[in-house]
Amino acid sequence: MSPQQTTPGGTLVLDCEGLAKAVLQDRDLNEWLALARAQDRRVITSAATLVEVAHPRLKLPALEWVLSRVVVEPVTDSLARRATKLLTRGGLHGHKHAIDAMLAATALAAPGPVMILTSDPDDLRALCGDRAAVIKV
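One structure accompanies this document, and this report is about it.

What counts and how
Numbering of residues starts from 1 in every chain and runs along the sequence as written. Totals for whole chains, interfaces and linings use all residues, but because this is a predicted model, local features are given only for residues with pLDDT of at least 70 and pairs of side-chain atoms are given and counted only at 80 or more. Side-chain numbers come from the whole structure's heavy atoms, not from hydrogens or water. Partly exposed describes any residue whose relative accessible area lies between the buried limit of under 20% and the exposed limit of over 50%, with all areas from a 1.4 Å probe on protein chains only and scaled to the type maximum. Numbering goes from the N terminus for both helices and strands, where a helix is a DSSP run of H or I of at least four residues and a strand is a run of E of at least two. Strand pairing requires that DSSP identify at least two bridges connecting the strands. Handedness of a crossover is defined as follows: orient the strands so they point away from the viewer, and if the path from the first strand over the helix to the second runs clockwise, the crossover is right-handed. Using protein atoms alone on a 1 Å grid, points that fit a 1.4 Å probe yet trap it form a cavity, whereas open point sets bounded by protein on both sides within 12 Å along at least five of seven lines form a pocket; residues with an atom within 4 Å of a point count as lining. Grid points are joined across faces, edges and corners, and a volume is the space filled by probe spheres set on the points. Residue polarity follows a fixed list, in which Ala, Val, Leu, Ile, Met, Phe, Trp, Tyr, Cys and Pro are nonpolar, Asp, Glu, Lys and Arg are charged, and the others, Gly among them, are polar.

This brings us to the pairing of strand β4 (residues 114-118). Along β4, five of the five residues are buried, which leaves the element largely enclosed by surrounding structure. Across four bridges, strand β1 (residues 11-14) lies against β4 in parallel orientation. If you follow Thr-11 over to β4, its bridge partner there is Val-114. Once the chain exits β4 it traverses helix α7 (residues 121-128) before rejoining the sheet at strand β5 (residues 133-136), and the crossover so formed is right-handed.

This next bit is on unusual backbone geometry. The residue after Gly-112, namely Pro-113, is reached through a cis peptide bond having omega 0 degrees. Positive phi values are uncommon outside glycine, yet Gln-25 reaches one of about 55 degrees. Tracing the backbone through its elements, the reader meets Gln-25 in the loop between α1 (16-23) and α2 (27-38).

This part takes up the layout of surface pockets. To locate leftover empty space, one rolls a probe as large as a water molecule over the atoms. Volume-wise, the largest pocket comes out at about 190 Å³. Contributing to the lining of the largest pocket are Ala-22, Gln-25, Asn-30, Leu-33, Arg-37, Arg-41, Val-43, Trp-65, Val-66, Arg-69 and Val-70. Of all the secondary structure elements, the ones that give two or more residues to the lining of the largest pocket are α2 and α4 (60-67). The element best represented in the lining of the largest pocket is α2, accounting for three residues. When the residues that make up the lining of the largest pocket are grouped by side-chain class, the tally is six nonpolar, two polar and three charged. Lining the second largest pocket are Ala-20, Val-23, Leu-24, Val-53, His-55, Arg-57, Leu-58 and Lys-59. In terms of residue class, the lining of the second largest pocket is made up of five nonpolar, one polar and two charged.

Here it is, written out as structure tokens:
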């Protein structure tokens, strides 16, 4: 799916790679963000994803600027329980897929239609099924 094939409204979800590419001002990712704004889509990520994106070479001021334009959804007890159910349904183990599961639960709780920009499309499709459009970035 390309940015031009999307439906107005709904939610655009960024995983770790989506956030990292936004920090690096990746042209394709910036196109997705501009289209989301033009179509009045919410742009969100999970608070858990902030932990995943952190590394020593990450430029924190650039991350903070990106986060000022993204809604960071909290990981609550009920969201963690929904993520656990998604892991079970997807046949995945929390040790390896915990953050993806929290992101998926966050995405599925958001107003639709929901699109997830991710570097792990197979894992997120296993977690979300057909309830979200999963797009590789």
